[in-house]
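# Structure at a glance
Here are the chains, one letter per residue:
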Amino acid sequence: MTHQAYSEHRQRTGLVAHERYFWHDPGNGIGFSGPTTFVQPDRHPESPDTKRRFLALLDVSGLTSQLERIEPRAATRAELQYFHTTRYIDEVARISAAGGGEIGDSLTIGAGSYEIAQLSAGGCIAAIDAVVAGRVRNAYALVRPPGHHADADGGRGFCVFGNAVIAIRHAQRVHGIGRVAVVDWDVHHGNGTETAFIDDPSVLTISVHQDRCYPVDSGQLDVVGTGDARNTNLNIPLPPGSGHGAYVTAFERAVVPALLRFRPELIVIASGLDASALDPLGRMMCTSRTYRELARQVLAAADSTAGGRVVATHEGGYSNGYVPFCGLAVVETFADIRTEANDPYLGELECQAGHALEPHQSAAVDAAAAQAARVPTGG
Ligand code: ZN
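Note that the structure is predicted; figures quoted are calculated from it, not measured.

## Focus on the overall build of the protein
Regarding its fold elements, the protein presents 12 helices and 11 strands. Computed over C-alpha atoms, the radius of gyration of the protein comes to 19 Å, within 12% of the 21 Å expected from 2.2 N^0.38 for 379 residues, which places it in the range of a compact globule. Considered along the principal axes of its C-alpha atoms, the protein spans approximately 55 × 50 × 50 Å. Within the protein, buried positions represent 60% of all 379 residues. For the protein, contacts bridging at least 24 residues in sequence account for 78% of all contacts bridging at least 6. Averaging the positions of the 31 positive and the 42 negative side-chain charges in the protein gives two centres separated by 4 Å.

Spelled out as structure tokens, the structure:
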């Protein structure tokens, strides 16, 4: 490859996707509940549909053909052990081999889910490999099942293995990356990622989420990290009803300043698309324009601190209609390409109230900005 060809190549955006991601079967359910005596079985919210339709929109918009496809591989058992206990890994493998069943709080897996979850974590590892090696500039890992709620010794909240945690440990152990930042914009708190790095000063974890949505007992602003890692965990709980104004301001005043202080060598976005105005499992007002702007801000911060190295790992997002357009906006921004596939929901959503920054939302952002100013400086 000539130097010029390499340079052009490096400017491209990577995409991880795989048919088998859509085969993980979380069973029936409504919201966070499985069917009970009086709850009629329905399709589980964490169904393959949102992700399959997101990928389909990338395809029909013409964007996929301008991306660099990255083949996922299965994460090895040793890689899963970067985060998880052998007891939990064995339990997932056993229940998966037995045909599936309940395995934690709001988590049911199906036959073969163990191998698919390995492929999900391994897809994030492959994205990291491609970005760190310079084969692509940045990458979106459209993986499933999601990962940010998973704990070391148990899964929860539709999440089996901590995909981002495992991929970050891989970046540090195999590639010698030192400082990493996580920006989790899923509407739910990234509790598993927080727990993994709560005492690790090499990883700045930032979670912007709906205040006490899920898990209801985590994500508070005063959880800031322990020991040497004090002030390297930044929770930004926003009030229900927050929209474009609150999110953009929170990123401008807290997320980006925290990134610029910490100066990571790599940024991982835990990309849940469930803060949208149409999501059934969140109560926020974001639109595709919001996600486009959040991605732009993180990429700009990455350009000035992390050599542009950004990997997104797909997390939640439960609106069949709207996840694809929010996701397209993110990947278009990653690739710096605007397709002709305009968001048909945007006009109607932006006519609704709730997009401007409200005083009570501004107060939440002020508190987060004060905490962001305590993030240790590095790099
Ligand atoms: Zn979520």
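Having seen the model, we can carry on.
## Topic: the nonpolar core
Core analysis: the biggest nonpolar cluster contains 63 residues, and Trp 185, Ile 206, Ile 236 and Tyr 247 have the highest contact counts within it. Ranked by size, the runner-up nonpolar core spans 47 residues in total, among them Leu 80, Tyr 114, Val 160 and Ile 177.

## A closer look at the pairing of strand E4 (residues 107-110)
Side-chain direction in a regular strand flips from residue to residue, so the side chains alternate between the two faces of the sheet. Bridge count for strand E3 (residues 100-105) against E4 is four bridges, and the pairing is antiparallel. Considered in E4, the bridge of Gly 104 is made with Leu 107. Joining the antiparallel neighbours E3 and E4 is a turn of one residue, in which Ser 106 adopts a positive phi near 55 degrees.

## Points about the pairing of strand E9 (residues 233-238)
Most of E9 is tucked away: six of the six residues are buried. One ladder, built from six bridges, connects strand E8 (residues 203-210) with E9; its direction is parallel. Considered in E9, the bridge of Ile 206 is made with Leu 234.

## Some points on the environment of Ser 276
Residue placement: Ser 276 occurs in the loop between strand E10 (266-271) and helix H9 (288-305). Leaving out residues up to four positions away in the same chain, Ser 276 has contacts with Met 284, Met 285, Cys 286, Tyr 291, Tyr 322 and Cys 326.

## Topic: the environment of Asp 25
Relative to the assigned elements, Asp 25 resides in the loop between strand E1 (13-16) and helix H2 (49-60). As a C-alpha pair, Asp 25 and Tyr 214 span 189 residues in sequence and 22 Å in three-dimensional space. Contact partners of Asp 25, with chain neighbours within four places excluded, come to Thr 108, Ile 109, Gly 110 and Ser 113. Within the structure, the side chain of Asp 25 is placed 2.9 Å from the backbone nitrogen of Gly 27, a separation counted as a polar contact.

## Brief notes about the sheet that holds strand E6 (residues 155-156)
If you trace the three strands from one edge of the open sheet to the other, you get E4-E3-E6, paired in mixed fashion. Two strands bound the open sheet, and with one partner strand each, they are E4 and E6. Bridge analysis of E3 against E6 gives two bridges, and the strand direction is parallel. Bridge pairing in E6 places Gly 104 opposite Gly 155. In this fold helix H4 (residues 86-97) packs onto E3, E4 and E6, with an angle of close to 150 degrees to the strand it touches most, E3.

## Looking at the packing of helix H8 (residues 244-262) against H9
Between H8 and H9, whose axes approach to 10 Å, the crossing angle comes to 10 degrees. The orientation of H8 with respect to H9, classified from their angle, is roughly parallel. Of H9, the residues touching H8 (which contributes His 244, Tyr 247, Val 248, Phe 251, Glu 252, Val 256, Leu 259 and Leu 260) are Arg 289, Thr 290, Glu 293, Leu 294, Gln 297, Val 298, Ala 301, Ser 304 and Thr 305. Taken together, the residues of the contact of H8 with H9 break down into nine nonpolar, five polar and three charged.

## Some details on the packing of helix H5 (residues 113-132) against helix H6 (residues 163-175)
At a minimum axis distance of 9 Å, the contact between H5 and H6 shows a crossing angle of 40 degrees. Our classification of the angle between H5 and H6 gives oblique. Where H5 crosses over H6, the two elements pack in a sense that is right-handed. Counting all contacts with H5, which are made through Ala 117, Ser 120, Ala 121, Cys 124, Ile 125, Ile 128, Asp 129 and Val 132, the residues of H6 involved are Asn 163, Ile 166, Ala 167, His 170, Ala 171 and His 175. Tallied by class, the residues present in the contact of H5 with H6 amount to nine nonpolar, four polar and one charged.

## Considerations on the sheet that holds strand E11 (residues 310-314)
Think of a sheet as strands paired side by side through backbone hydrogen bonds, with each pair either parallel or antiparallel. Pairing within the open sheet is parallel, and its eight strands lie in the order E2-E1-E5-E11-E10-E7-E8-E9. If you trace the sheet from one side to the other, it starts and ends with strand E2 (68-70) and E9, each paired once. Taking the axes of each pair of neighbouring strands and ignoring which way they run, one obtains an average angle of 15 degrees across the sheet. Note: strand E7 (residues 180-184) against E10, five bridges, orientation parallel. Among the inter-strand pairings, Asp 184 is bridged to a residue of E10, identified as Ala 270. Strands E1, E2, strand E5 (138-141), E10 and E11 of the sheet are contacted by H5, whose axis makes an angle of about 170 degrees with E5. Strands in contact with H9 are E5, E7, E10 and E11; relative to E10, the strand with the most contacts, it is inclined by about 165 degrees.

## Quick notes on the packing of aromatic side chains
For the structure on display, the rule yields nine aromatic pairs. Geometrically, the ring pair formed by Phe 54 and Tyr 140 is edge-to-face, given 5.5 Å between the ring centres and 75 degrees between the ring planes. With Phe 54 in helix H2 and Tyr 140 in strand E5, the pair connects residues that are 86 residues apart, well separated along the chain. When its relative accessible area of 0% is taken as the criterion, Phe 54 is described as buried. By relative accessible area, Tyr 140 is classed as buried at 0%. Each ring, one from Trp 185 and one from Tyr 291, has its centre 6.1 Å from the other, and the planes form 65 degrees; the classification is edge-to-face. Here Tyr 291 lies in helix H9 and Trp 185 lies in the loop between E7 and helix H7 (191-197), a separation of 106 residues in the sequence. Across this residue pair, the class does not change: Trp 185 and Tyr 291 are buried. An aromatic cluster is present here, built from Phe 54, Tyr 140 and Phe 334 joined pairwise through their rings.

About the thresholds
- Within every chain, residues take consecutive numbers counted from 1 along the sequence as written.
- In view of the model being predicted, local features appear only for residues whose pLDDT reaches at least 70, and side-chain atom pairs are presented and counted only at 80 or more, with totals across whole chains, interfaces and linings using the full set of residues.
- Side-chain metrics rest on all non-hydrogen atoms present in the structure, leaving aside hydrogens and water.
- Per the convention used, a helix needs a DSSP run of H or I reaching at least four residues, while a strand needs a run of E reaching at least two, with both numbered from the N terminus.
- Throughout, radius of gyration means the C-alpha value; the globule benchmark is 2.2 Å times the number of residues raised to the power 0.38.
- Per-residue accessibility, obtained with a 1.4 Å probe over protein chains only, is compared with the maximum for each type, and a residue is labelled buried under 20%, exposed over 50%, and partly exposed between these values.
- We call two residues in contact whenever any of their non-hydrogen atoms come within 4.5 Å of each other.
- Under this rule, positive means Lys or Arg and negative means Asp or Glu; His and the chain ends count for nothing.
- Lysine's charge is taken at NZ, arginine's at CZ, aspartate's at CG and glutamate's at CD.
- Among buried residues, those of type Ala, Val, Leu, Ile, Met, Phe, Trp, Tyr and Cys that are joined through side-chain atoms within 4.5 Å constitute a nonpolar core.
- A strand pair is defined by DSSP finding two or more bridges across the two strands.
- What qualifies as a polar contact is a pair of N or O atoms within 3.5 Å, subject to a donor-acceptor requirement within protein and to the restriction that residues adjacent in sequence count only when both atoms come from side chains.
- Inter-axis angles, ranging from 0 to 180 degrees, are taken between N-to-C directions of lines fitted to C-alpha atoms, where helices are fitted over the stretch in contact.
- Here roughly perpendicular refers to angles of 65 to 115 degrees, roughly parallel to angles under 35, roughly antiparallel to angles over 145, and oblique to all remaining angles.
- Each residue is assigned to one class: nonpolar for Ala, Val, Leu, Ile, Met, Phe, Trp, Tyr, Cys and Pro, charged for Asp, Glu, Lys and Arg, and polar for all the others, Gly among them.
- Handedness of a helix crossing follows the sense of rotation of the near helix relative to the far helix, less than a right angle counterclockwise being left-handed and clockwise being right-handed.
- Here is the rule: rings of Phe, Tyr and Trp (six-membered ring for Trp) pair when centre to centre is within 6.5 Å. Planes less than 30 degrees apart are stacked, more than 60 are edge-to-face, and the remainder are tilted.

So yeah, pure geometry; function would need other evidence.
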